[in-house]
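Each chain, written out:
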Amino acid sequence: MKTRIILLLFTILSLTQCYAQINPRVLGIAKETHVFAVKDGEELTLDTYLDSSAIVDGKRPVFVYVFGGAWENGSKENGTQIAQFFAKEGFLGVSINYRLGIRKYKKGHGLPQSGFPAQDHFADAYSYAIDLGVEDLFDATKFLIDNAEKWNIDTEKIILCGSSAGAINSVTAEWMICNEMPLAKSHLPEGFNYGGVISQAGGVWKRGPSEPTWKNAPCPFLFFHGTKDQLVPYSSSSFSGIDFGAFGGGFLKEQFKANKYPHYSVTVEDADHMIAMLPQSTSLHDMLTFYIRFVERKQNIVIEATETYFDKAPTMFSR
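Quick caveat, the model's predicted, so the values are computed rather than measured. (Residues numbered from 1 in each chain as written. Predicted model: local features only at pLDDT ≥ 70, side-chain atom pairs only at ≥ 80, totals over all residues. Heavy atoms only, no water.)

### With respect to the packing of helix H3 (residues 122-146) against helix H5 (residues 165-178)
Next, step 1: The interhelical angle for the contact between H3 and H5, taken along N-to-C directions, is 75°, at an axis separation of 9 Å. Taken together, H3 and H5 sit at an angle that is classed as roughly perpendicular. Within the contact between the two elements, H3 uses Ile130, Asp131, Gly133, Val134, Leu137 and Phe138 and H5 uses Ile168, Asn169, Ser170, Thr172, Ala173, Met176 and Ile177.
Next, step 2: Across the contact of H3 with H5, the residue classes break down as 8 nonpolar, 4 polar and 1 charged. (Axes fitted to C-alpha atoms, helices over the stretch in contact; angles between N-to-C directions. Helix = DSSP H or I, 4+ residues; strand = E, 2+ residues; numbered from the N terminus. Parallel < 35°, antiparallel > 145°, perpendicular 65-115°, else oblique. Contact = heavy atoms within 4.5 Å. Nonpolar A, V, L, I, M, F, W, Y, C, P; charged D, E, K, R; others polar.)

Right, here's the structure in full:
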């Protein structure tokens with residue numbers, strides 16, 4: 001293969017997945033776990049975090065976290081801290097589970113559980129995994145919409161935030177909505193769109209090498225991406241002999257700029273796939289700024305930021 005296959009290999013260690021129907025209050029925040037779907041004999045759950053002491057003017061916005069882990073590892077518990085942060089800011093904080101499609105594909109096709117899917121399985125495996133993840137994200141969203149009155153939430157202000165594989169699910173979900181694709185139309189209410197998408201080292205991964213197009217204008221985006229990401233390309237990549245293309249934050253921000261789609265981009269020079277996780281500790285207030293300016297105030301603007309480290313850029317892998 002001429003082009004190195006870019007895969008999400010880093011493993012986010014899953015925390016213990018024991019939960020009660022309603023968990024004790026943590027740091028003044030009420031946590032509940034809900035089953036939003038049952039698929040392939042698997043209960044799919046989401047956690048909600050609600051701080052009733054947070055001052056909210058009107059209905060609550062919603063922050064939905066989608067974990068990463070190569071569609072093989074990870075769980076909703078990876079989003080506990082960031083969901084709690086947004087709950088304290090007056091959001092309904094949500095962290096969701098979804099089916100781990102690469103793990104399921106390997107098992108279903110008798111492939112080794114370790115390592116990459118073989119080249120002749122690549123497009124099928126990753127298309128399958130992303131479709132499962134996006135479908136489950138849509139169903140979690142529909143569950144929130146159906147329970148909007150219970151939580152007093154504003155369904156026009158549901159913000160997605162994904163890390164790595166979760167970011168690809170989130171960005172691809174919005175791309176499917178904008179292009180009126182069957183998966184979106186069959187799982188979401190007519191006319192629904194997200195209020196915004198926050199992508200931590202994500203992008204659109206799709207069949208075919210052609211660049212993604214947008215039939216309808218997307219919701220506002222916040223892109224975080226490192227220019228030396230080895231796993232999810234900052235710009236774009238196609239695969240020799242494989243009917244598949246990957247389009248990262250760097251590519252999409254230029255596309256958005258050319259089409260005058262409102263967006264906020266944070267490019268981290270020489271950083272690698274660490275940017276899939278780092279913004280959750282360094283850039284939470286950038287995320288809040290994105291929400292206030294782009295979602296709440298609906299400012300039709302572009303903000304472009306470049307972070308340059310004078311010592312060493314954030315890295316997950318030694319180079």
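### Examining the packing of aromatic side chains
Next, step 1: For the structure shown, the criterion picks out 23 aromatic pairs.
Next, step 2: With a centroid separation of 5.4 Å and an interplanar angle of 75°, the aromatic rings of Phe223 and Phe256 are classed as edge-to-face. Residue Phe223 is located in strand E8 (residues 221-226), and its partner Phe256 is located in helix H7 (residues 249-259); the two are separated by 33 residues in the primary sequence.
Next, step 3: On the accessibility criterion, Phe256 (0% relative accessible area) is buried. (Phe/Tyr/Trp six-rings, centres within 6.5 Å; stacked < 30°, edge-to-face > 60°. Buried < 20%, exposed > 50% of the residue type's maximum accessible area, 1.4 Å probe, protein only.)

### Here's the deal with the environment of Ala201
Next, step 1: Note that Ala201 resides in the loop between strand E6 (196-200) and strand E7 (203-207).
Next, step 2: By relative accessible area, which is 0% here, Ala201 ends up buried.
Next, step 3: Ala201 sits 32 residues away from Pro233 along the chain, and the two C-alpha atoms are 8.3 Å apart.

### Some thoughts on the state of the cysteines
Covalent bonding between the sulfur atoms of two cysteines is what defines a disulfide.
Next, step 1: Tallied over the entire structure, the rule returns 0 disulfides.
Next, step 2: Here Cys178 is not disulfide-linked; the sulfur of Cys219 is the nearest cysteine sulfur, at 6.7 Å.
Next, step 3: The exposure class assigned to Cys178 is buried, which follows from its relative accessible area of 2%.
Next, step 4: Residue Cys219 is classed as buried on the basis of its relative accessible area, which comes to 4%. (Disulfide = S-S within 2.5 Å.)

### Some remarks on the nonpolar core
Next, step 1: Residues Val64, Trp71 and Phe138 are the most contacted members of the largest nonpolar core, which totals 89 residues.
Next, step 2: Considering every element that reaches this core, the biggest residue donor is H3, with 13 residues. (Core = buried A, V, L, I, M, F, W, Y, C linked by side-chain atoms within 4.5 Å.)

### Some details on empty space enclosed by the protein
Next, step 1: Inspection of the entire model under this criterion finds 2 cavities of 30 Å³ or more.
Next, step 2: As a volume, the largest cavity reaches approximately 60 Å³.
Next, step 3: Forming the boundary of the largest cavity are Phe224, Val268, Ile275, Leu278, Pro279, Thr282, Ser283, Glu307, Tyr309 and Pro314.
Next, step 4: Within the lining of the largest cavity, the residues separate by chemical class into 7 nonpolar, 2 polar and 1 charged.
Next, step 5: Every residue along the wall of the second largest cavity is listed here: Phe63, Phe86, Phe91, Ile159, Ile198, Met287, Phe290 and Tyr291.
Next, step 6: At 3 residues, the largest contribution of residues to the lining of the second largest cavity is made by helix H9 (residues 284-296).
Next, step 7: Partitioned by chemical class, the residues of the lining of the second largest cavity number 8 nonpolar, no polar and no charged. (1 Å grid on protein atoms, 1.4 Å probe; cavity = no way out; pocket = protein on both sides within 12 Å on 5 of 7 lines; lining within 4 Å. Points joined across faces, edges and corners; volume = space filled by probe spheres on them.)

### A word on the sheet that holds strand E5 (residues 153-163)
Next, step 1: Spatial strand order, E1-E2-E4-E3-E5-E6-E8-E11-E12: 9 strands in an open sheet with mixed pairing. Bordering the open sheet on either side are strand E1 (30-39) and strand E12 (302-307), each of which pairs with just one other strand. Averaged over all neighbouring strand pairs, the angle between strand axes comes to 15°, with direction disregarded.
Next, step 2: As defined by bridge partners, E5 adjoins E6 across 5 bridges and the pair is classed as parallel. (Pairing = 2+ DSSP bridges.)

### Observations concerning unusual backbone geometry
Next, step 1: In this structure, Asp40 is a non-glycine residue whose phi angle is positive, near 55°.
Next, step 2: As for its placement among the helices and strands, Asp40 is situated in the loop between E1 and strand E2 (42-50).
Next, step 3: Residue class for Asp40 comes out exposed when judged on its relative accessible area of 55%.
Next, step 4: Positive phi is not limited to glycine here, since Ser164 has a value of about 55°.
Next, step 5: Here Ser164 is to be found in the loop between E5 and H5.
Next, step 6: With a relative accessible area of 0%, Ser164 lands in the buried category.

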